[in-house]
Amino acid sequence: MIDRQALRRDFEVMQAALARRGQHVVDEESAWAKVAKLDARQRELKTESETLQAERNRVSKLIGQKKGAGLDASAEMAAMGDVARKSKELDTQARDAEAAFSAALLEIPNPLHDSVPDGTSEDDNVEISRWGTPRLDAVPPHWDIGVDLGILDFEAGATLAGSRFTVMKGAAARMERALMQFMLDLHADKHGYEEVWVPAIANSKTMTGTGQLPKFADDLYKLEGEDAYLIPTAEVPVTNLYQDKILNASELPKRHCAYTPCFRREAGSAGRDERGIIRQHQFDKVELVHITTPERVLSDLEELTAHAEAVLQALELPYRKVELCCADVGFSSQKTYDLEVWLPSQNCYREISSCSSFGQFQGRRAGIRYREEGGKPQPAATLNGSGLAIGRCLVAVLENGWQSDGSVLIPQVLQPYMGGMQRITPR
RNA sequence: GGAAGGGUGGCAGAGCGGCCGAAUGCACCGGUCUUGAAAACCGGCGAUGGGAAACCAUCCGUGGGUUCAAAUCCCACCCCUUCCGCCA
């Protein structure tokens, strides 16, 4: 959510920052066009309503005093009847205006940080760095590797739940679990994160706090007859751990890592990545979340991204880091780095982590605030990043570790988590 | 699901039609005392919106109602705690 004062004070500047996301964000149909108008109307009505309320409060007090002194106050009481009625009416109007304003405000994306590169599509994302040496020999796709080894069962997933669901068996199931454990241990023990375990269901207020609602309801699984949704990422519950809280500046930054399952309807993704486990309705992910101050949010983003990179390096998976251009940065984010892992079967890098700074956008929405010593509360800054997506990580391990005899070498750091297994061989 | 109790400021906890944005304690900030700290004592200390400011308005789980006036009365809903039932 953008700052209401800034909306009035820096209207042009914010409009320009928003327009970089695409003209539709600020054209005449947009929430942006509505919001300024609604802001003015709301304040007008509110001022009017408050004037009447002040009058009512003043006279009511007088009545109280008169009655207390045993005096007659029936004249005042009669006069206030009218005022009370009018005041109530105006108050209702002011509230409606406020609701309309808030609704429009929630539809406005985060203005981009100045450092975000220009561009018109994901093709304009900027490569920042590369790590490792990609293998360039012919490697079969992970779905063939997995089926040949008898550890991925797509038919069973489809039978049980539908398309984009998979059953993992034996070494794959074990590796899924090993990856979670390894990542959590790394972040908790080496990177100083506090591990949390949170619900995989969140209510609409929580979903609104991090920006999934109201705009992206179609991407979420909603539970029938309840104000409850399956989370699309641990970002939602973990960030909202601090919703409506005022933290002391001395407590910041807060750093949490969490494993959760993630659920996404993939409404707009028909036809993309249909085979394999790259794009599933349910997948596992370890997430990193920081709650911090606006001053250090950008340096925190570098750190957080490095923590995610450390996972790929430990697993010896070649990857690159790209910065998303202004056309590709998500709704709530002000700046995003993606980590893309090398998939030899596709001969390209594929997203395995997305690390974003949200500035104070989520802090305002979710009511996450902090206070400097003796100062006023202000919205906290938030960040998060995948550290990493487990399923995609498993894909990368299968493909990058594949041997021409059909077996798969298991990265060394994972072996202790897999009972000492060094290699997956066909059964 | 049934019964009972309860949701008040950063936390704990009083208030139960007007003098209540709200006692008190803790925490926090400033001061006195002290070589320093602690203790003690004195003072300050909620949030949001509007306003240059004075100040005004709103907020006691949420939404409605009664009243000139609601934290306080009425209705509905949500949540929490305990007991019972059920259950991984």
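Residues numbered from 1 in each chain as written. Chains lettered and ligands numbered in written order. Predicted model: local features only at pLDDT ≥ 70, side-chain atom pairs only at ≥ 80, totals over all residues. Heavy atoms only, no water.

Caption draft 1: Here's a closer look at the overall build of chain A. Looking only at helices and strands, chain A has twelve helices and 17 strands in total. Structurally, chain A occupies a C-alpha span of about 100 × 45 × 40 Å along its principal axes. For chain A, buried positions account for 50% of its 427 residues. Pairs at least 24 apart in sequence give 73% of the contacts found in chain A among residues at least 6 apart. Total accessible area on chain A stands at roughly 20300 Å², and carbon and sulfur atoms take up 48% of it. Side-chain charges of chain A comprise 51 positive and 63 negative groups, with the mean position of each set lying 5 Å from the other. (Helix = DSSP H or I, 4+ residues; strand = E, 2+ residues; numbered from the N terminus. Buried < 20%, exposed > 50% of the residue type's maximum accessible area, 1.4 Å probe, protein only. Contact = heavy atoms within 4.5 Å. Areas by Shrake-Rupley, 256 points an atom, 1.4 Å probe, with all protein chains shown as cover. Lys, Arg positive; Asp, Glu negative; His and termini not counted. Charge placed at Lys NZ, Arg CZ, Asp CG, Glu CD.)

Caption draft 2: The sheet that holds strand S14 (residues 377–379), seen in detail. Spatially, S7-S13-S14 is the arrangement adopted by the three strands of the open sheet, whose pairing is mixed. Because the sheet does not close on itself, it has two edges, and the strands there are strand S7 (246–248) and S14. This sheet shows a mean twist of 40° between the axes of neighbouring strands, independent of strand direction. Bridge count for strand S13 (residues 369–371) against S14 is three bridges, and the pairing is antiparallel. The residue of S14 that forms the bridge with Arg369 is Pro379. (Pairing = 2+ DSSP bridges. Axes fitted to C-alpha atoms, helices over the stretch in contact; angles between N-to-C directions.)

Caption draft 3: Region of the structure containing the packing of helix H3 (residues 31–68) against helix H4 (residues 74–106). In the contact formed by H3 and H4, the axes pass within 7 Å of each other and the chain directions differ by 155°. It follows from the interaxial angle that H3 and H4 lie roughly antiparallel. The handedness of the crossing between H3 and H4 is left-handed. When the residues that make up the contact of H3 with H4 are grouped by side-chain class, the tally is 18 nonpolar, five polar and 13 charged. (Parallel < 35°, antiparallel > 145°, perpendicular 65-115°, else oblique. Left-handed = near helix turned anticlockwise from the far one by under 90°. Nonpolar A, V, L, I, M, F, W, Y, C, P; charged D, E, K, R; others polar.)

Caption draft 4: Seen up close, the packing of aromatic side chains. Evaluation of the coordinates by the stated rule reveals six aromatic pairs. Between Phe182 and Tyr417 the ring centres are 6.1 Å apart and the planes differ by 70°, which places this aromatic pair in the edge-to-face class. A residue pair is termed long-range when its members are at least 10 positions apart, and Phe182 in helix H7 (residues 170–190) and Tyr417 in the loop between strand S16 (408–409) and strand S17 (423–424) qualify at 235 residues. The side chain of Lys222 reaches across the aromatic face of Tyr229, ending 5.3 Å from its centre. The ring of Tyr337 carries the charged tip of Lys321 above its face, separated from the ring centre by 4.3 Å. (Phe/Tyr/Trp six-rings, centres within 6.5 Å; stacked < 30°, edge-to-face > 60°. Lys NZ or Arg CZ within 6 Å of the ring centre and 35° of its normal.)

Caption draft 5: Main features of the protein's contact with RNA strand B. If you check the shell around RNA strand B, you find 21 residues, and the closest are Gln5, Arg8, Gln53, Ser60 and Lys67. Protein-adjacent atoms of RNA strand B, using a 4 Å cutoff, are sugar or phosphate at a proportion of 70%. In this structure, Asn57 approaches RNA strand B through a side-chain N or O atom, which is 3.3 Å from a phosphate oxygen. For the surface near RNA strand B, the element with the highest residue contribution is H3, accounting for ten residues. Looking at side-chain class alone, the surface near RNA strand B contains six nonpolar, five polar and ten charged residues. (Near = heavy atom within 4 Å. Polar contact = N/O pair within 3.5 Å; in protein donor to acceptor, adjacent residues only side chain to side chain.)

Caption draft 6: Highlighting the environment of Val329. On the secondary structure map, Val329 appears in the loop between strand S10 (319–323) and strand S11 (335–343). According to the relative accessible area criterion, Val329 is buried, its value standing at 6%. When the C-alpha atoms of Val329 and Ala69 are compared, they prove to be 67 Å apart, with 260 residues separating the residues in sequence. In contact with Val329, not counting residues within four places along its chain, are Arg21, Leu112, Val116, Leu324, Gln334, Lys335 and Thr336.

Caption draft 7: Here's a closer look at the side chain of Ser30. Tracing the chain through its elements places Ser30 in the loop between helix H2 (11–19) and H3. For Ser30, a relative accessible area of 6% corresponds to the buried category. Looking at Ser30, its side chain comes within polar contact range of the main-chain oxygen of Val25, at 3.2 Å. The residues contacting Ser30, other than those within four sequence positions of it, are His24 and Val25.

Caption draft 8: Summary view of the layout of surface pockets. Roughly 380 Å³ of volume is contained in the second largest pocket. Every residue lining the second largest pocket is counted, 19 residues in all, and those nearest its centre are Met14, Asn110, Pro111, Leu112 and Gln334. Those elements that place two or more of their residues in the lining of the second largest pocket are H2 and helix H11 (361–366). With three residues, H2 is the largest single contributor of residues to the lining of the second largest pocket. Across the lining of the second largest pocket, the residue classes break down as ten nonpolar, five polar and four charged. (1 Å grid on protein atoms, 1.4 Å probe; cavity = no way out; pocket = protein on both sides within 12 Å on 5 of 7 lines; lining within 4 Å. Points joined across faces, edges and corners; volume = space filled by probe spheres on them.)

Caption draft 9: Spatial organisation of the confidence of the model for chain A. Of the residues in chain A, 100% have a pLDDT of 70 or more, and the chain-wide mean is 91. Quick note on the complex model: pTM equals 0.92, ipTM equals 0.81. (pLDDT = per-residue confidence, 0-100.)

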